Protein chains: 2
Amino acid sequence: MARLVMKFGGTSVADLDRIRNVAAHVKREVTAGHEVAVVVSAMSGKTNELVALCRGASVLHDAREYDAVVASGEQVTSGLLAIVLQDMGVNARSWQGWQIAIRTDAAHGAARIAEIDGALLVERLQMGQVAVIAGFQGIAPDNRISTLGRGGSDTSAVAVAAAIKADRCDIYTDVDGVYTTDPRIVPKARRLDKVSFEEMLEMASLGSKVLQVRSVELAMVHGVRTFVRSSFEAPDSVRVMPNGDPYGTLICDEEEIVEQQVVTGIAYSKDEAQISLRRVADKPGVAAAVFGPLAEANINVDMIVQNISSDGKFTDITFTVPLADYERAVSVVKSSDSFEFESLESATDVCKVSVIGMGMRSHAGVAAAAFKALAEKSINIRAITTSEIKISVLIDAAYTELAVRTLHSLYELDKA
Amino acid sequence: MARLVMKFGGTSVADLDRIRNVAAHVKREVTAGHEVAVVVSAMSGKTNELVALCRGASVLHDAREYDAVVASGEQVTSGLLAIVLQDMGVNARSWQGWQIAIRTDAAHGAARIAEIDGALLVERLQMGQVAVIAGFQGIAPDNRISTLGRGGSDTSAVAVAAAIKADRCDIYTDVDGVYTTDPRIVPKARRLDKVSFEEMLEMASLGSKVLQVRSVELAMVHGVRTFVRSSFEAPDSVRVMPNGDPYGTLICDEEEIVEQQVVTGIAYSKDEAQISLRRVADKPGVAAAVFGPLAEANINVDMIVQNISSDGKFTDITFTVPLADYERAVSVVKSSDSFEFESLESATDVCKVSVIGMGMRSHAGVAAAAFKALAEKSINIRAITTSEIKISVLIDAAYTELAVRTLHSLYELDKA
């Protein structure tokens, strides 16, 4: 017997038929003897509808009122799923964020979970009652409803799992796991049985859309074993792996992964824009002068490249920002009067391709091999950044697929 | 400066344009210097949609889950109206039932308000903040959301008005007041400037659909001056009466009504069914034997007529039930084995017409005049019941309009 959190997103609860399907998944786990807490999103399309109403009411709407309006979507789903579960003979009840309570900070509209009191939930779970929890929402210090921002239900699920000390947090999604890369680009991409928190964090932040970055961070901090699996399987005949485990990808501590691969996966992100400043005065504080205003404007600068100046007087600075923030970033840089530059060059048709793997820490030559393979395909590298477990290169977007395929075979990820 | 509660129903908040219209009404009162609490229903059609989802989820749905689902409708409206008010420069915030808190009993789905803590609301009102309150909902002793049953927002409004000691509770509706009778039947029907709680209670329970009976009861108990007015007037040019009061009907204590009419209005209800039991054994306990099972089946028996038995052995019993409960009532009576009768006769095409007026208490002959007038029009009276301030007659439904018009002129209600 285990204690499980099961999370279902908007498409999984889009209508009553799909909610019945979700209930059947839940019932299977209850019948198997597990204690179950379920976290649900709003029915697909509902959140957009509510957001549109708020925007229609006022462009500059109060985030606290927005939260009260938008959180109603999850409230409806939680009640409906509880009703359907009861109808199937499963003891269940719904829980709103303020009832548990899931306490957040005061940042209405994009709140962070501060604390979850798991005591009431655990008491009910031990009595055999399924807890159906409205995801995405909590209660702020002002005793008003808060929401966690888009994709917040993943975060709710992981946070609840940590609070009730769940054995596993199952994220039911429209894919059956985490892959070595995007199967649409590389048909031979393989599903990973296990991936470490650190690797998943890099993949999540680099464009693999399986899980929200925040939920992976939270899972890593609290050591929540998080399992990505398909919500489209028939609830009464889920696939299992040869060892009897369900089919999917477990995101876990690296110690749980016996055979660590050097490279685990290739990720890419096309939502990047590159900005280069030519002949910036090379003196102390110039980086701060460039990036300070961008940070104040809440623009997330990613890759930063500054070469050693050749003449000791001027240097070139290149950095990337999310594509959505590109125009704002350019205007912030241009309007800053604390530094000077000769010209600003930029590109929006660029792509960041990344090689990720825990094994890199102890294997030399991983980066060099990547650069060589890309060069052989005549792919020009605009910028490079690296971390202990990741190498990222910025290239022209037109070469995305070629680069991903090249790197995927280079590290033999095609092979089972 | 006064303290006002303003209540707007579903059609008044059906979309963002109408919500803006509501906000303009609110702003007018705020600009006039009043402290304002607003109570809103769900957007028109929304509650039906949510109820349908619950029914689709399970015919026998848990009332606590139903409440969580259905209460979300008012949650959305309260947030949206607060946003629109802020956009118009009015300081406002939304309040959910559990935030105030509006405490109810445990009867989920049809809860009664037990207690409202007005302290927080009054504090904010005095700071000049408009309170936008989700109607229809509260919090039950189990710390879960409860709803008050259909039309509950009227009740919410009156209960909030009592809790914050409001000077008046304005019910904005699709009619501009309470009339002497249905203007569709009697074009000369007049709007009443004032009507007593007691009279309104009889009118509300007798088919005049302006206000929910429960809200009138509550207004009477707590002495809440309740004002029925139109939500369709332009917010910036509301009609006023010669004395400067707004246009509508004030429901108030009879002492506030200087010139008490003998008869205030004529009400009618077609949602009645008549059941007659012939030759029931006339012995002690027979009435209890007949009506006990109906009460247990939660069927609301209205008129009851039992004549003195002519032979001392058998009697006839006639009573009415709501049309919706008619078939169930017949089957309850037929399946009862604690009394016997020769035959059961029934009629569903009947109508109850009532004459209502506080002045009746001190004026003799009101009933006699009604019977005479109806007889002159050859309208057969099937049954009669009376109270201190009301005379009701059950007649064939075909004669409804004739009876209402006859009584309306008899008591000179046509005259200004």
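Quantities reported herein were computed from a predicted structural model and do not represent experimental measurements. The written sequence of each chain sets the order in which its residues are numbered from 1. Starting at A for chains and at 1 for ligands, labels are handed out in the order in which the entities are written. Reporting of local features is limited, given that this is a predicted model, to residues whose pLDDT is at least 70; pairs of side-chain atoms are given and counted only at 80 or more, and all residues count toward the totals for whole chains, interfaces and linings. Excluded from the side-chain calculation are hydrogens and water; included are all heavy atoms of the structure.

**Student:** What exactly am I supposed to notice about the sheet that holds strand β17 (residues 383-387) of chain B here?
**Tutor:** Through backbone hydrogen bonds, the strands of a sheet pair up, either in parallel or in antiparallel fashion. Residues and elements named next belong to chain B. Read across the sheet, six strands follow the order β14-β15-β13-β16-β18-β17 without closing on themselves; strand pairing throughout is antiparallel. Where the open sheet ends on each side, the last strands, each with one partner, are β14 (304-306) and β17. Each neighbouring strand pair of the sheet contributes to a mean axis angle of 25 degrees, computed without reference to strand direction. Being paired, for any two strands, means DSSP has found at least two bridges between them. Helix numbers and strand numbers start at the N terminus; a helix is a DSSP run of H or I with at least 4 residues, a strand a run of E with at least 2. The pairing of β17 with strand β18 (residues 390-396) spans five bridges and is antiparallel. The residue bridging T386 from the neighbouring strand is I391, located in β18. Strand contacts of helix α8 (residues 197-205): β13 (265-281), β16 (343-356), β17 and β18, with the helix running at about 145 degrees to β16, the strand carrying the most contacts. Comment: axis = line fitted to C-alpha atoms, over the contacting stretch for helices; angle = value between 0 and 180 degrees taken between N-to-C directions. Whether two residues touch is decided by their heavy atoms; if any such pair falls within 4.5 Å, the residues are in contact.

**Student:** Before we go on, may I ask you to explain the UniProt feature "binding site: ATP" (unreviewed entry) in chain A in this structure?
**Tutor:** All names here are of chain A. Mapped onto this numbering, the UniProt entry annotates "binding site: ATP" (unreviewed entry) at K7, F8, G9, G10, T173, D174, Y179, R184, K209 and V210. Sequence-wise these annotated residues cover 204 residues; spatially they are dispersed, their C-alpha atoms as much as 25.2 Å apart. Mapped onto the fold, G9 is located in the loop between β1 (3-8) and α1 (16-31). Sequence-distant contacts of G9, that is, excluding residues within four places in its chain, are made with S41 and Y172. With respect to the helices and strands, Y179 occurs in the loop between β9 (168-173) and β10 (194-196). Under the scheme applied here, a residue whose accessible area is under 20% of the maximum for its type counts as buried, over 50% as exposed, and between as partly exposed, the area being computed with a 1.4 Å probe on protein chains only. A residue is classified by how much of its surface remains accessible, and Y179, at 23% relative accessible area, is partly exposed. Once you skip the residues sitting within four places of it in the chain, Y179 turns out to touch A189, R190, R191, L192 and M203. Within 3.5 Å is the distance limit for a polar contact, defined as a pair of N or O atoms, with the added protein rule that one can donate a hydrogen and the other accept it, and that residues adjacent in sequence qualify only through two side-chain atoms. In this structure the side chain of Y179 is engaged in a polar contact, spanning 2.9 Å, whose partner is the side chain of D176. UniProt positions are given in the numbering used here, feature names are shortened, and annotations may be inferred rather than shown by experiment.

**Student:** Would you explain the interface of chain A and chain B in this entry?
**Tutor:** Where the parts come together, the accessible area they lose is often given as the size of the interface. Listed by partner, the interface residues are 38 residues for chain A and 38 residues for chain B. Take a side-chain nitrogen of Lys or Arg and a carboxyl oxygen of Asp or Glu: if they are within 4 Å of each other, that pair is a salt bridge. Linking chain A to chain B there are two salt bridges. A salt bridge links E49(B) to K46(A); the shortest N-O distance between them is 3.9 Å. Our count for the chain A to chain B interface comes out at 12 residue pairs in polar contact (both at pLDDT 80 or more). Secondary structure elements with two or more residues in the side of chain A that touches chain B: α1, α2 (46-57), α3 (63-70), α4 (72-87), β3 (92-95) and α5 (97-100) of chain A. Throughout this entry, Asp, Glu, Lys and Arg are counted as charged residues, while Ala, Val, Leu, Ile, Met, Phe, Trp, Tyr, Cys and Pro are counted as nonpolar. The remaining residues, Gly among them, count as polar. Counted by class, the side of chain A that touches chain B contains 19 nonpolar, 11 polar and eight charged residues.

**Student:** In this structure, what is going on with the environment of D396(B)? I would like to understand it.
**Tutor:** All names here are of chain B. By the secondary structure assignment, D396 is in strand β18. Take D396: its relative accessible area is 28%, and that puts it in the partly exposed class. Residues D396 and C351, 45 residues apart in the sequence, show an inter-C-alpha distance of 6.0 Å. Apart from residues lying up to four places away in sequence, D396 is in contact with D349, V350, C351 and R382.

**Student:** Where do I start with the environment of M203(A) in this structure?
**Tutor:** Residues and elements named next belong to chain A. Tracing the sequence through the fold places M203 in helix α8 (residues 197-205). M203 gets classed as buried once you look at its relative accessible area, which sits at 3%. Remark: the alpha-carbon pair of M203 and S309, spanning 106 residues in sequence, is separated by 33 Å.

**Student:** Is there a simple way to explain the domain arrangement of chain A in this structure?
**Tutor:** Residue and element names in this part refer to chain A. An automatic or database domain assignment supplies the residue ranges for each domain. Segmentation of chain A into domains returns domain 1 (3-255) and domain 2 (265-410). Counting from both sides, the interface comprises 16 residues of domain 1 and, opposite them, 19 residues of domain 2. The buried area of a pairing is the accessible area, by a 1.4 Å probe, that goes missing from both parts when the two are put together, added over both. Carbon and sulfur atoms supply 63% of the area buried between domain 1 and domain 2, which totals about 1,500 Å² over both sides. The largest per-residue losses of area from domain 1 upon contact with domain 2 belong to I185, E202 and L206, which jointly make up 43% of the total buried on that side. The interface formed by domain 1 and domain 2 includes two salt bridges. Here domain 1 and domain 2 share seven residue pairs in polar contact (both at pLDDT 80 or more) between them. Per-element tally for the side of domain 1 that touches domain 2: the top contributor is α8, with four residues. Grouping the amino acids of the side of domain 1 that touches domain 2 by side-chain chemistry returns five nonpolar, four polar and seven charged.

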